Amino acid sequence: MQQNSNISRTNRVVLLINLLLNFITFTGYLLEVIRGERSITYLIIFSVIIFVPFIIALVTYRRNPASSSFKYITLIGYLFFYLFVSFTSIHTITFTYFFCIILMYYLYLDFKLLLVSCITAVIINIARIGYSLFVLGANTRSDITQYMIQIGTLIVFSLSITLSAKLSIVFTKENIDSILKEQKKQAEILDDVLKIAASIEKNAQDVYDIVEKSAAGSDVITNAVSEISTGVSQTAESIQNQTHMAKNIHKLIVDTSDLSDHMESLSNETVKALTEGISHVHELSEKALVANEKNQYAYRKMQELTEKASEIQSITEIITGISEQTNMLSLNASIEAARAGENGRGFAVVADEIRKLAIQSKDSANSIAEILESLGRKANRTQESVVSLKEINDQQTELISNTKKVFDNISVKMDEFSKDVQLVTQRLDEIVASNNKVIDSINEISALSEESSANAQEANSMASINKENADKARVIVNELIETSNNFKKYL
């Protein structure tokens, strides 16, 4: 393609030089015809010789601007023109037409064409000199000198132009080979660069996808950690509330235990009094008032015990409600920890421990409720017994004969009551111990919750940093993709 373009441009330049040279020579001979030095017939023959090849060359060029036969057509026409002028002109200077002609065809850098043209021109000039010497009889010293100069000039010019063409062809070929090698090298470099660009584009796109997924994962983790942190804060607040309530419960249980101890003491004293009453029936009347006061006191204490039992029952209901809420919070925390994946594993363990403690609290509250219910029933029976005792004391003057029997019955009842009070005291001690364990566990959970909250905040901070790094990486990858896209224009 490039070679055809060069030939086309060379043919166009040669065609224009032909046109200019033909116009100049035609104008010169036309002036000679006007001055009478040439005939019109000569001008017509000359015009045919120069314009017929030009017209043929013009038609050839119009058909194919890169035609290789164009230079041969024009050269043959000029050789006929040169032959005609050389033998018809009376001036020896006409041999210089060859210089214009041969320089015109030097543009093709065709060594064979130039060599054949120069040899033909030299032969035509030798024939013209022989024709002048032997036919026209020009044998003066000046003519011979001119002829020698003419032949020498032609030979030297021919050698110069052919050698120059040869060297130019060699240099041009070397330059072309060098250019081709350089182009090949550049093509290889460009191919490597394009492969690298394609690899960069692919890797950049893969990195971009990874960064996008990482950024999306960071967003999910950040949201999950935020939700976990909120849940931990709520759980910590709930644990603090539960700790406060547990302390209140502990206080109430201790107070109830003190009352139970006091009731046990009263029961022992009552049993002792009844035993002495059996052996000292005669003192019954005197001690009736004392027994009545004791019964009144026991009656009030039993009412207080019933009220405390009711308060403890309400508190156990509160504990049960708190345990259920804590269980729900631990379930929500487990779900959020599962959503957080690896980062929420530690919190999942804490949530499971909270759930276990909530279940234990609920079980303990249920045990307390059962004990209190049993205590209430027994307190009611004791209260009824005390009321009966009060009525008996009121009627003791009339029923003195049945006092021993009644006191025996009361003694049995008081033994049972004493045993029940001891059992209540034992159970209250157990409740106090369990409640202390619950408080210790709640304190541990509170500490773990605070630690988990700190870890969640740290994880949230790390997730924010990862998100910022992902955004920076996204910008860098976009620049790589844009740079890679710039290489696509070379594909």
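Residues numbered from 1 in each chain as written. Predicted model: local features only at pLDDT ≥ 70, side-chain atom pairs only at ≥ 80, totals over all residues. Heavy atoms only, no water.

A. How the structure looks around the environment of K413. Topologically, K413 is positioned in helix α9 (residues 403-487). Accessibility expressed as a relative area gives 43% for K413, which makes it partly exposed. (Helix = DSSP H or I, 4+ residues; strand = E, 2+ residues; numbered from the N terminus. Buried < 20%, exposed > 50% of the residue type's maximum accessible area, 1.4 Å probe, protein only.)

B. Looking closely at the nonpolar core. Core analysis: the largest hydrophobic core is formed by 38 residues, its most contacted members being F81, Y82, F98 and Y105. Broken down by secondary-structure element, the contributors of at least two residues to this core are α1 (2-35), α2 (40-63), α3 (70-88), α4 (97-105), α5 (111-135) and α6 (141-279). With near-sequence residues (within four places) excluded, F81 lies in contact with T25, F46, I49, I50, Y97 and I101. Counting residues in hydrophobic clusters, the runner-up holds 10 residues, among them I312, I371, L372 and A379. (Core = buried A, V, L, I, M, F, W, Y, C linked by side-chain atoms within 4.5 Å. Contact = heavy atoms within 4.5 Å.)

C. Representation of the packing of α2 against α3 in the model. One can describe the packing of α2 onto α3 by two numbers: an axis separation of 8 Å at closest approach and a directional angle of 170 degrees. The angle between the axes of α2 and α3 places the two elements in the roughly antiparallel class. Across the interface between the two elements, Y42, I45, F46, I49, I50, P53, I56, A57, T60 and Y61 from α2 touch F70, I73, T74, G77, F80, F81, F84, V85 and T88 from α3. Its residues assigned to classes, the contact of α2 with α3 shows 15 nonpolar, four polar and no charged. (Axes fitted to C-alpha atoms, helices over the stretch in contact; angles between N-to-C directions. Parallel < 35°, antiparallel > 145°, perpendicular 65-115°, else oblique. Nonpolar A, V, L, I, M, F, W, Y, C, P; charged D, E, K, R; others polar.)

D. A look at the layout of surface pockets. Of the voids in this model, the second largest pocket is the one considered here, and its volume is about 560 Å³. Around the second largest pocket sit 15 residues that line it, and Q3, N6, I7, Y108 and L109 are the ones nearest its centre. Elements supplying a minimum of two residues to the lining of the second largest pocket: α1 and α6. Class assignment for the residues of the lining of the second largest pocket results in six nonpolar, six polar and three charged. (1 Å grid on protein atoms, 1.4 Å probe; cavity = no way out; pocket = protein on both sides within 12 Å on 5 of 7 lines; lining within 4 Å. Points joined across faces, edges and corners; volume = space filled by probe spheres on them.)

E. Region of the structure containing the packing of α3 against α5. Interaxial distance between α3 and α5 falls to 10 Å at its minimum, and their mutual angle equals 15 degrees. As judged from the angle between their axes, α3 and α5 are roughly parallel. Crossing hand, α3 versus α5: right-handed. Together, K71, Y72, L75, L79, Y82, L83, S86 and F87 of α3 and L113, S117, T120, A121, I124, N125, A127, R128 and Y131 of α5 make up the contact between the two elements. Tallied by class, the residues present in the contact of α3 with α5 amount to 11 nonpolar, four polar and two charged. (Left-handed = near helix turned anticlockwise from the far one by under 90°.)

F. Expanded view of a nonpolar patch on the surface. Where nonpolar side chains cluster on the molecular surface, the patch consists of Y72, I76, F80, L83, F87, Y131, F134, V135 and L136 and spans about 930 Å² of accessible area. Considering each element in turn, the nonpolar patch owes the most residues, five residues, to α3. Structurally, F134 is set in helix α5. (Patch = residues over 30% accessible without salt bridge, like charges linked within 9 Å, V, L, I, M, F, W, Y side chains within 5 Å. Areas by Shrake-Rupley, 256 points an atom, 1.4 Å probe, with all protein chains shown as cover. Salt bridge = Lys/Arg side-chain N within 4 Å of Asp/Glu carboxyl O.)

G. Region of interest: the pattern of salt bridges. On inspection of all chains with the given rule, the structure shows five salt bridges. Where E37 meets R35, a salt bridge forms, and the shortest distance between an N and an O atom there is 3.4 Å. Each member of the pair, E37 together with R35, is exposed. As a salt-bridge pair, D110 and K71 come within 3.0 Å of each other at their nearest N and O atoms. Within this pair, whereas D110 is found in the loop between α4 and α5, its partner K71 is found in helix α3, the two being separated by 39 residues in sequence. No difference in accessibility class separates D110 from K71, as the two residues are buried.

H. Geometry of the packing of aromatic side chains. Under the definition given, this model contains 13 aromatic pairs. Ring centres of F26 and F51 lie 5.8 Å apart, and the angle between their planes is 70 degrees; this geometry places the pair in the edge-to-face category. With a gap of 25 residues between them, F26 in helix α1 and F51 in helix α2 connect regions that are remote in the sequence. Taking relative accessible area as the criterion, F26 reaches 23% and is therefore assigned partly exposed. Given the relative accessible area of 27%, F51 is considered partly exposed. Between the aromatic rings of F46 and F81, the centroid separation amounts to 5.5 Å while the plane-to-plane angle is 55 degrees, which identifies the pairing as tilted. With F46 in helix α2 and F81 in helix α3, this residue pair connects regions lying 35 residues apart in the sequence. What makes F81 buried here is its relative accessible area of 1%. An aromatic cluster of at least three residues, connected via ring pairs, comprises Y29, Y42, F46, Y78, F81 and F84. (Phe/Tyr/Trp six-rings, centres within 6.5 Å; stacked < 30°, edge-to-face > 60°.)

Shape is all these values report; function is a separate question.
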